[in-house]
Amino acid sequence: MNQNMDIERTKLIKLILLFVISTYLLSCIGYYIWFHNIEAAAFIPILAPFVSYLVVKRFLDKKDRINYKKVSAKGIQIGILIPMVYITTAVLLSSTFMPLFFNGNLPEVKIVLMLFAEWIFAGFCEEVGWRGFLLPMLKKIMKREIACIVCGLIWGIWHIPMIVQGMVVTQH
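Residues numbered from 1 in each chain as written. Predicted model: local features only at pLDDT ≥ 70, side-chain atom pairs only at ≥ 80, totals over all residues. Heavy atoms only, no water.

**Notes on the overall build of the protein chain**
Here comes step 1: A tally of helices and strands in the protein chain yields 6 helices and 0 strands.
Here comes step 2: Listed by position from the N terminus, the elements making up the protein chain come as α-α-α-α-α-α.
Here comes step 3: For the protein chain, the residues scored as buried account for 30% of the 172 residues in total.
Here comes step 4: Considering only contacts in the protein chain between residues 6 or more positions apart, those separated by 24 or more positions represent 74%.
Here comes step 5: Carbon together with sulfur atoms contributes 70% to the accessible area of the protein chain, which is approximately 11500 Å² in total. (Helix = DSSP H or I, 4+ residues; strand = E, 2+ residues; numbered from the N terminus. Buried < 20%, exposed > 50% of the residue type's maximum accessible area, 1.4 Å probe, protein only. Contact = heavy atoms within 4.5 Å. Areas by Shrake-Rupley, 256 points an atom, 1.4 Å probe, with all protein chains shown as cover.)

**Structural notes on the packing of aromatic side chains**
Here comes step 1: With the rule as written, the count across this model stands at 5 aromatic pairs.
Here comes step 2: Summarising the aromatic geometry, the rings of Phe19 and Trp130 are spaced 5.5 Å apart at their centres and angled 85 degrees between planes, so their arrangement reads as edge-to-face. Here Trp130 lies in helix H5 (residues 109–141) and Phe19 lies in helix H1 (residues 2–35), a separation of 111 residues in the sequence. You'll find Phe19 and Trp130 in the same group, each marked buried.
Here comes step 3: Plain terms: the ring middles of Tyr53 and Phe133 are 6.0 Å apart, the flat faces sit at 50 degrees to each other, and that makes the pair tilted. Here Tyr53 is found in helix H2 (residues 43–57), whereas its partner Phe133 is found in helix H5, with 80 residues between them in sequence.
Here comes step 4: Since its relative accessible area comes to 0%, Tyr53 is described here as buried.
Here comes step 5: For Phe133, a relative accessible area of 0% corresponds to the buried category. (Phe/Tyr/Trp six-rings, centres within 6.5 Å; stacked < 30°, edge-to-face > 60°.)

**A word on helix H6 (residues 144–165)**
Here comes step 1: End to end, H6 covers 32 Å across 22 residues, agreeing with the expected 32 Å (1.5 Å per residue, within 8%).
Here comes step 2: At His159, H6 shows its largest kink, close to 35 degrees, and the proline Pro161 lies no more than four residues downstream.
Here comes step 3: Listed as buried for H6 are Ala147, Cys151, Ile154, Trp158, His159 and Met162. (Expected span 1.5 Å × (residues − 1). Bend = angle between axes of the 7 residues up to and from the residue.)

**Let's talk about the packing of H1 against H2**
For any two helices packed against each other, one specifies the inter-axial angle together with the distance between the axes.
Here comes step 1: Running from N to C, H1 and H2 point in directions that differ by 150 degrees, and their axes come no closer than 8 Å. What the angle tells us is that H1 and H2 run roughly antiparallel. Considering the relative orientation of H1 and H2, their crossing is right-handed. Residues Leu15, Leu18, Phe19, Ser22, Thr23, Leu26, Ser27, Gly30, Tyr31 and Ile33 of H1 form the contact with H2, whose participating residues are Ile44, Pro45, Ala48, Pro49, Val51, Ser52, Tyr53 and Val56.
Here comes step 2: Tallied by class, residues from the contact of H1 with H2 come to 13 nonpolar, 5 polar and no charged. (Axes fitted to C-alpha atoms, helices over the stretch in contact; angles between N-to-C directions. Parallel < 35°, antiparallel > 145°, perpendicular 65-115°, else oblique. Left-handed = near helix turned anticlockwise from the far one by under 90°. Nonpolar A, V, L, I, M, F, W, Y, C, P; charged D, E, K, R; others polar.)

Set out below in structure tokens:
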């Protein structure tokens, strides 16, 4: 019995490492291309957690895979509403308190909608990887509180190049 638990724990640790390493590796490739002035490559790091989950998913037992059927319509609505409020508030505050950024004018609606679409897309790709896969797997091998801290640290470190490049603040 104990040996089976050790085998399962070892398998989970290997899958977690595969996920984290593949996410960071894909992101590094994206950053390298992006930092060499190819703007389209900025989406590679954003896709990395989702793509890494798809890679790791092949090795997961069915019970450990993300069950998309558990997602409620209310959850999706809240998940879309919160970023809309956040983006609208950020744009209004920025245009008011940082007029040089907006040249004294509010951005066009299409720019706000484009930002919204980018953030929803980025959020989906990140959440599938970090909270949909990594956090539940970490909680299987450590206490919930420790798993949240470890996941947060891995996620936060992953964002450092984006923050340094200015991508987290704005791309426009």
